[in-house]
Amino acid sequence: MRKAKFFLLGLIPGLIIVFFILNKKGASCSGYLPNSRVIAETLSKEFTYSDGFKAEMEFLKIDEKFLKDSIITKGNIDFEKSDAQKKPCPSYILTYPKKNPRYEIGFEKCTEQSNFQSLKKLR
């Protein structure tokens with residue numbers, strides 16, 4: 001029991017100190033989940049669009065800023081429909097928003113660029 005008290009006496013203040021230090025530096029653990037990693041890697045690459053994707057963007061009146069800032073950033077990767085093990089470029093299906101999706105995007109994430117191939121309006 002005495003060892004547990006000493007352990008907690010050091011653990012609790014240590015956690016509080018670490019929490020405040022990491023919080024001030026802006027560190028977060030949200031980037032470690034598969035969905036977050038795929039989205040972060042996709043946004044860090046050059047975007048290329050297929051002709052069909054460009055035409056659908058124009059038809060739906062979606063600009064590149066909205067695509068990057070909202071659809072991709074706040075989207076959800078559907079790993080059941082995606083082929084994350086495909087070589088050399090894994091392909092993914094992204095839905096936006098997470099609840100009651102309205103858009104579905106199909107893209108490949110290669111080493112140098114993200115190739116956007118399909119854009120569908122679901123409802």
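Along each chain, the written sequence defines residue order, and numbers are assigned to residues from 1. Reporting of local features is limited, given that this is a predicted model, to residues whose pLDDT is at least 70; pairs of side-chain atoms are given and counted only at 80 or more, and all residues count toward the totals for whole chains, interfaces and linings. Based on all heavy atoms of the structure, the side-chain values leave hydrogens and waters out of the count.

Looking up the chain in an unreviewed UniProt entry gives the name DUF4258 domain-containing protein, with the organism given as Chryseobacterium gotjawalense.

Student: Hey, could you run me through the side chain of Glu-108 in this one?
Tutor: Numbered from the N terminus, helices here are DSSP runs of H or I no shorter than four residues, and strands are runs of E no shorter than two. Here Glu-108 shows up in strand β4 (residues 103-109). Two N or O atoms form a polar contact when they lie within 3.5 Å of each other; inside protein one atom must be a possible hydrogen donor and the other a possible acceptor, and for residues adjacent in sequence the pair counts only when both atoms belong to side chains. Polar side-chain contacts of Glu-108 include one of 2.6 Å to the side chain of Lys-86. By the convention used here, residues are in contact when the closest approach between their heavy atoms is within 4.5 Å. Setting aside its immediate chain neighbours within four residues, Glu-108 contacts Lys-86, Cys-89, Pro-90, Ser-91, Gln-113, Ser-114, Asn-115 and Gln-117.

Student: Would you explain the pattern of salt bridges in this entry?
Tutor: Close approach of charged atoms allows side chains with opposite charge to pair. When a carboxyl oxygen of Asp or Glu is within 4 Å of a side-chain nitrogen of Lys or Arg, the pair counts as a salt bridge. Summed over all chains, the structure comprises six salt bridges. Put simply, Lys-109 and Glu-41 hold a salt bridge, and the shortest N to O gap is 2.7 Å. Residue Lys-109 is found in strand β4, and its partner Glu-41 is found in helix α2 (residues 34-43); the two are separated by 68 residues along the sequence. Exposure remark for Lys-109: the relative accessible area of 11% places this residue in the buried category. The closest approach of N and O atoms between Asp-69 and Lys-65, which form a salt bridge, is 2.7 Å. Of the two residues, Asp-69 and Lys-65 both sit in helix α4 (residues 64-72), four residues apart, roughly one turn of that helix. Salt bridges here are not isolated pairs; linked through shared partners, they connect Lys-81, Glu-104 and Lys-120. The rule is simple: take the accessible area with a 1.4 Å probe, protein chains only, and divide by the maximum for that residue type; under 20% is buried, over 50% is exposed, in between is partly exposed.

Student: Before we go on, may I ask you to explain the pairing of strand β3 (residues 91-96) in this structure?
Tutor: For a regular strand, side-chain orientation follows a simple rule: the groups alternate between the two sheet faces. A large share of β3 lies buried, amounting to six of its six residues. Alternating residues of β3 divide into Ser-91, Ile-93 and Thr-95 and Tyr-92, Leu-94 and Tyr-96, and every residue in both groups is buried. Paired strands, as defined in this entry, are two strands with at least two bridges between them according to DSSP. One ladder, built from two bridges, connects strand β2 (residues 76-77) with β3; its direction is antiparallel. Bridge assignment links Asn-76 to a residue of β3, and that residue is Thr-95. With six bridges joining them, β3 and β4 adopt antiparallel strand pairing. When the bridges of β4 are listed, Tyr-92 appears paired with Phe-107. Linking β3 back to β4 in an antiparallel pair, the connection comprises six residues, with Asn-100 at a positive phi of about 50°.

Student: How should I be thinking about α4 in this particular structure?
Tutor: Helical periodicity: at 3.6 residues per turn, an α-helix aligns residues three or four positions apart in one direction. If you check which residues of α4 are buried, you get Leu-67, Ser-70, Ile-71 and Ile-72. The arc enclosing the buried residues of α4, seen along the axis, measures out at 155°, which places them on a common side. Of the surrounding elements, those touching the buried residues of α4 are α2, β1 (46-49), α3 (51-60), β3, β4 and β5 (113-121). As used here, the arc is the angular range of directions from the helix axis to the C-beta atoms.

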